[in-house]
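# Analysis of the macromolecular model
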Amino acid sequence: MREIGRRHEFTSQDDERHRSSLKKFSQDIDIGGDKFSFGKRELEYVNGIDRGIQDLRERAARGDLPADRAEKYIASDERRITESLWRVFGDLAFNTGRDLDWTLDVRRTLREALKDQRVADLWADSQVEAPADGIEFLERIQAKDVPVGVLKAILALRLEHQEQVQKDWEPIFEQWKASFKRHFQAAVDTGMIPPNAAYDSRINDASFRVIDILVSRDVHGLAYRSGVISIKVEGRKPQEIRKTVFHELTHRVSGAVMQEEIRDLERYDGVQVEVRSPHTRKSGLRFLSHHGSREQGSWLNEGCTELLARYLSEEKDVTTYPFEQLVVKEAIDKGNIDPSLFMNAYFESRAERPVEGSRLPAFRRLHEAMSKQYGKNWLKSQSKRIDGMYNGEV
């Protein structure tokens, strides 16, 4: 194909075509699936090669393929399986030791795998002595002294575990989503949150995926514009998880500005096609450049999100983004900034036509009020101030 044109268009996060393309995008790459399930994509890849090997053996048995050629192909495929599995477990071994809690989680997973009869049988068939515990198992992985069949079985066991955890938590997530919806609507009814007919669809489109701790320990929750919300549940108290769900749902309903890069292509047969790639330019009060290489307002966005999530979930304890919340509350309590300025700007999407000389008039009003209090570069100056708080410098 050759490119015959390129352009950019702003679009609403609630535009039906845009929502559909994001949903398809999430399905195509399985967001919340292979990204947060240990070895899922690799296991699917290996199983596909295994099916190919079985087909080769059947063809050779029928005489449809010379035996020597079949064995050559099978040997090549088996090498691909070995390389793929060791890439996964090589990364696991490399990262082990950098975080004690994560290392303990890996050892526990391997210890539980040793109890599984399928894994025990594979060790026996390989005529290699099985490790005594999770510590030795991890050492054997680091030394690449584990049968390939055992590695494959571990991935299958972990995926089964994740699917069960997902199944157990799905009804709880749905209950919390319904609770969020009620509390959110109550805040709209009181005037605390500006009204918007699209809130219901944004909440209803949200779905949840459990994060496998073998993939990521640091991420507690993450909201994608496709509607998928990933949540870490293992090793956390229910009230902490509930607050994270409210936090990510708050991100989900916040105002956004989307921009699509549209490439016009011409195929070899002369047919013209259009390829669209969506980019987020505004999410709540976080602003990004076209390809996300630069951003501003992340601290403001998280501070407002967490304050609102705590209010909606009726959670009093401050557990995350403490200094971001502090600066926002200080601006309201000491700087006499009207809270509605933050709420209106947070939930604002791009206006179709300029209002008061801006496509984001609510943010413009917030910017003017904050500039009077903290100077024109307040987004950057307060960000540095918060960094100093975390570093113990302020």
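Everything here concerns the structure above.
First things first, this report covers the structure right here in the doc.

Calculation notes
Residues numbered from 1 in each chain as written. Predicted model: local features only at pLDDT ≥ 70, side-chain atom pairs only at ≥ 80, totals over all residues. Heavy atoms only, no water. Salt bridge = Lys/Arg side-chain N within 4 Å of Asp/Glu carboxyl O. Helix = DSSP H or I, 4+ residues; strand = E, 2+ residues; numbered from the N terminus. Buried < 20%, exposed > 50% of the residue type's maximum accessible area, 1.4 Å probe, protein only. Phe/Tyr/Trp six-rings, centres within 6.5 Å; stacked < 30°, edge-to-face > 60°. Core = buried A, V, L, I, M, F, W, Y, C linked by side-chain atoms within 4.5 Å. Contact = heavy atoms within 4.5 Å. Expected span 1.5 Å × (residues − 1). Pairing = 2+ DSSP bridges. Axes fitted to C-alpha atoms, helices over the stretch in contact; angles between N-to-C directions. Lys, Arg positive; Asp, Glu negative; His and termini not counted. Parallel < 35°, antiparallel > 145°, perpendicular 65-115°, else oblique. Left-handed = near helix turned anticlockwise from the far one by under 90°. Nonpolar A, V, L, I, M, F, W, Y, C, P; charged D, E, K, R; others polar.

For the rest of this paragraph, the subject is the pattern of salt bridges. Note on pairing: side chains with opposite charge can pair once their charged atoms come close. Applying the stated rule across the entire model yields 22 salt bridges. Notably, a salt bridge pairs arginine 140 with glutamate 136, separated by 3.2 Å at the nearest N-O pair. You can see arginine 140 and its partner glutamate 136 sitting in helix H6 (residues 134-142), four residues apart, about one turn around the helix. A relative accessible area of 11% means that arginine 140 is categorised as buried. With relative accessibility at 28%, the residue glutamate 136 sits in the partly exposed group. One salt-bridge network, held together by shared partners, links Asp105, Arg108, Glu112, Arg158, Asp212 and Glu234.

As a further point, take the packing of aromatic side chains. According to the stated counting rule, one finds 15 aromatic pairs in the structure shown. Seen from their ring centres, tryptophan 169 and tryptophan 176 are 6.0 Å apart, and the 55° between their planes marks the pair as tilted. Its relative accessible area of 12% is what places tryptophan 176 among the buried residues. Between the aromatic rings of phenylalanine 184 and phenylalanine 347, the centroid separation amounts to 5.8 Å while the plane-to-plane angle is 70°, which identifies the pairing as edge-to-face. Here phenylalanine 184, found in helix H7 (residues 148-189), pairs with phenylalanine 347, found in the loop between helix H12 (339-346) and helix H13 (361-374); they are 163 residues apart in sequence, far enough to count as distant. Accessibility expressed as a relative area gives 2% for phenylalanine 184, which makes it buried.

This paragraph deals with the nonpolar core. Nonpolar side chains in soluble globular proteins tend to be buried together. Phe173, Phe184, Leu300, Phe342, Phe347, Phe363 and Leu366 are the most contacted members of the largest nonpolar core, which has 51 residues in total. Among the elements that line this core, the one with the most residues is H7, at eight residues. Setting aside its immediate chain neighbours within four residues, phenylalanine 342 contacts Leu285, Leu300, Cys304, Val328, Ala331, Ile332, Ile337, Leu366 and Met370. Core analysis: the second largest hydrophobic core is formed by 35 residues, Ala70, Leu114, Val119 and Leu155 among them.

Our focus in this paragraph is the environment of isoleucine 241. By the secondary structure assignment, isoleucine 241 is in helix H9 (residues 238-253). Placed 65 residues apart in sequence, isoleucine 241 and tryptophan 176 show a C-alpha to C-alpha distance of 10.0 Å. Every residue in contact with isoleucine 241, bar those within four places of it in the chain, is listed here: Trp169, Phe173, Trp176, Ile231, Lys232, Val233 and Arg236.

Our next topic: unusual backbone geometry. In most cases, non-glycine residues show a negative phi, while peptide bonds are predominantly trans. Residues other than glycine seldom take positive phi values, yet tyrosine 321 does so here, at roughly 50°. On the secondary structure map, tyrosine 321 appears in the loop between helix H10 (298-313) and helix H11 (322-333). Positioned with a positive phi, asparagine 336 is a non-glycine residue whose angle comes to about 55°. Counting through the fold element by element, asparagine 336 comes out in the loop between H11 and H12.

Let us now look at helix H3 (residues 67-95). For H3, which comprises 29 residues, the first-to-last C-alpha distance of 42 Å matches the rise-based estimate of 42 Å (1.5 Å per residue) to within 8%. Looking at H3, one finds that the buried residues are Ala70, Ile74, Asp77, Ile81, Ser84, Leu85, Trp86, Val88, Phe89, Leu92 and Ala93. On its buried face, H3 sits against helix H2 (40-62), helix H4 (100-114), H6 and H7.

Another point: the sheet that holds strand E3 (residues 221-223). Spatially, the three strands line up as an open sheet ordered E2-E4-E3, and their pairing is mixed. Whereas interior strands pair on both sides, the edge strands pair on one side only; in this sheet they are strand E2 (207-210) and E3. Here the average twist between neighbouring strands, direction ignored, is 20°. Most of the contacts of H9 go to strand E4 (residues 228-231), to which it runs at about 155°, and overall it touches E2, E3 and E4.

This paragraph deals with the side chain of glutamate 302. With respect to the helices and strands, the residue glutamate 302 is situated in helix H10. Although glutamate 302 is buried, it makes no salt bridge; arginine 286 carries the closest opposite charge, 6.5 Å away. Residues in contact with glutamate 302, not counting those within four places in the same chain, are His247, His251 and Tyr321.

This part takes up the environment of lysine 243. Following the sequence through the fold, lysine 243 ends up in helix H9. The exposure class assigned to lysine 243 is buried, which follows from its relative accessible area of 7%. Residues lysine 243 and threonine 319, spaced 76 residues apart in sequence, show a C-alpha to C-alpha distance of 9.7 Å. Leave out the neighbours within four places in its chain, and lysine 243 touches Glu306, Ala309, Arg310, Ser313, Glu315, Thr319 and Thr320.

A few words now on the pairing of E2. With burial as the criterion, only one face of E2 is covered, namely that bearing Phe208 and Val210; the residues Ser207 and Arg209 on the opposite face remain uncovered. Inspection of the sheet shows E2 paired to E4 by four bridges, in the parallel sense. Looking across to E4, one finds that serine 207 is bridged to valine 228.

On to the packing of H3 against H7, then. Contact geometry of H3 with H7 gives a least axis separation of 10 Å together with a crossing angle of 55°. Relative to H7, the element H3 lies oblique. By crossing handedness, the relation of H3 to H7 is classed as left-handed. Between H3, through Ile81, Thr82, Leu85, Trp86, Val88 and Phe89, and H7, the contact on the second element is made entirely by Val148, Leu151, Lys152, Ile154 and Leu155. Looking at the contact of H3 with H7 residue by residue, the class counts come to nine nonpolar, one polar and one charged.

Since there are 3.6 residues in each turn of an α-helix, residues three or four apart along the chain are aligned in direction. Across its 15 residues, H4 extends 21 Å between first and last C-alpha, which sits within 8% of the 21 Å expected from 1.5 Å per residue. Turning to H4, its buried residues number three or more, namely Trp102, Thr103, Asp105, Val106, Thr109, Leu110, Ala113 and Leu114. Packing partners of the buried residues in H4 comprise H3, helix H5 (117-126), H6 and H7.

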